[in-house]
Amino acid sequence: MADNLFDYNYKTPIVPTGATVSNTAVSGAAGYQGMTTTANQDANILYNMPEVDRKILAQRLKNAGYKVAVTGKYSDKLLSAYSTASMKAALQSQMVGQQFTVGQYLDQEAAARLAEGGAGGGPSVRKETRISDQTTARALIDAIFRDTLGRKASGKEILKYTKALQAVQKASPTVTTYSTSGGTTSATTTGGVNEQQYLIDQIAGTDEAKANQVLGYYQTFMNALGGK
């Protein structure tokens, strides 16, 4: 999983300080009567994060020793754990003098816990499932249709292949296995799916694609003979 979900700076307010609310009208950020509130960027990130990504984040936090439920649901406990990890990653960035993302920090802590025997019976295998959203799937399917069939995909075809792609992604998680030997922790990643190759194989197997391929061979043969 890419670390772009975790590359945020801590303590950047979304709403300016000084916003107040009453029980009948809102001025600035929402909150309780008489309170002054400031939006927290970590909360904003987590709340608006796709549920599948939130679940992956929760698993990484759990692997690093944080006590959170791996459900994909937003919660105060998940926010507290993420904010703590974010601050520790920022502190480590300052200490080592280079950028250190939250994702890197969590993976480092998970590996260290295994190496030190501190995982407490926790998982030594991490599974991650990445499901393409509708926009991403549509763009990929349409591009392959253009390259393979020379036309855009119809709405019905977009729906068909999006469902097929999401099903195979769900059935093919990426599995990372950690092992420790002689004080060295190794990680081996297997599984997953090559979305582009999967769609090419599916689309190239259609009657339309096969007919185009035969026509292409015929045209090549005729050109070789000097025909038009």
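Residues numbered from 1 in each chain as written. Predicted model: local features only at pLDDT ≥ 70, side-chain atom pairs only at ≥ 80, totals over all residues. Heavy atoms only, no water.

Caption draft 1: Representation of the packing of aromatic side chains in the model. Across all of its chains, the model carries two aromatic pairs by this definition. Relative to Tyr74, the ring of Tyr47 lies with its centre 5.5 Å away and its plane at 80 degrees, an arrangement referred to as edge-to-face. Taken together, the positions of Tyr47 in helix α1 (residues 41–48) and Tyr74 in the loop between α2 (51–63) and α3 (76–96) put the pair 27 residues apart, joining distant regions of the chain. The exposure class of Tyr47 is exposed, given its relative accessible area of 58%. A ring pair is formed by Phe145 and Tyr161, whose centres lie 5.9 Å apart and whose planes are at 65 degrees; its orientation type is edge-to-face. A residue pair is termed long-range when its members are at least 10 positions apart, and Phe145 in helix α5 (residues 134–149) and Tyr161 in helix α6 (residues 155–171) qualify at 16 residues. (Phe/Tyr/Trp six-rings, centres within 6.5 Å; stacked < 30°, edge-to-face > 60°. Helix = DSSP H or I, 4+ residues; strand = E, 2+ residues; numbered from the N terminus. Buried < 20%, exposed > 50% of the residue type's maximum accessible area, 1.4 Å probe, protein only.)

Caption draft 2: Up close: a nonpolar patch on the surface. Taken together, Leu91, Met95 and Val96 make up a surface patch of nonpolar side chains, about 320 Å² in accessible area. Of note, Val96 is situated in helix α3. (Patch = residues over 30% accessible without salt bridge, like charges linked within 9 Å, V, L, I, M, F, W, Y side chains within 5 Å. Areas by Shrake-Rupley, 256 points an atom, 1.4 Å probe, with all protein chains shown as cover. Salt bridge = Lys/Arg side-chain N within 4 Å of Asp/Glu carboxyl O.)

Caption draft 3: Spotlight on the nonpolar core. Formed by 20 residues in total, the largest nonpolar core has its most connected members in Leu61, Tyr66 and Leu106. For this core, the elements supplying multiple residues, two or more each, are α1, α2, α3 and α4 (102–115). Broken down by element, the residue count for this core peaks at six residues, all from α3. With residues up to four places along the chain from it excluded, the contact list for Tyr66 reads Leu61, Ala81, Thr84, Ala85, Lys88, Tyr105 and Leu106. Membership of the second largest hydrophobic core comes to 13 residues, among which are Ala137, Leu149, Ile158 and Tyr161. (Core = buried A, V, L, I, M, F, W, Y, C linked by side-chain atoms within 4.5 Å. Contact = heavy atoms within 4.5 Å.)

Caption draft 4: Fine view of α2. Across its 13 residues, α2 extends 18 Å between first and last C-alpha, which sits within 8% of the 18 Å expected from 1.5 Å per residue. Along α2, the residues classified as buried are Asp53, Arg54, Ile56, Leu57, Ala58, Gln59, Arg60, Leu61 and Asn63. (Expected span 1.5 Å × (residues − 1).)

Caption draft 5: Highlighting the environment of Leu199. In this fold, Leu199 is placed in helix α7 (residues 195–204). What makes Leu199 buried here is its relative accessible area of 0%. Placed 58 residues apart in sequence, Leu199 and Ile141 show a C-alpha to C-alpha distance of 7.0 Å.

Caption draft 6: The arrangement of the packing of α6 against α7 in detail. The contact between α6 and α7 brings their axes to 11 Å, and the two run at 130 degrees. Overall, the two elements α6 and α7 adopt an arrangement that is oblique. Where α6 crosses over α7, the two elements pack in a sense that is right-handed. Between α6 and α7, the residues in contact are Tyr161, Ala164, Leu165, Val168 and Gln169 and Glu195, Tyr198, Leu199, Gln202 and Ile203, respectively. (Axes fitted to C-alpha atoms, helices over the stretch in contact; angles between N-to-C directions. Parallel < 35°, antiparallel > 145°, perpendicular 65-115°, else oblique. Left-handed = near helix turned anticlockwise from the far one by under 90°.)

Caption draft 7: Quick look at α1. Those residues of α1 lying buried are Gln41, Asp42, Ala43, Ile45 and Leu46. For α1, the elements touching its buried residues are α2 and α3.

Caption draft 8: Layout of the pattern of salt bridges. On inspection of all chains with the given rule, the structure shows six salt bridges. The salt bridge involving Glu51 is made with Lys73; its shortest N-O contact spans 3.2 Å. Taken as a pair, Glu51 in helix α2 and Lys73 in the loop between α2 and α3 lie far apart in primary sequence, 22 residues in all. Look at the salt bridges and you will find they share partners, linking Arg151, Glu157 and Glu208 into a network.

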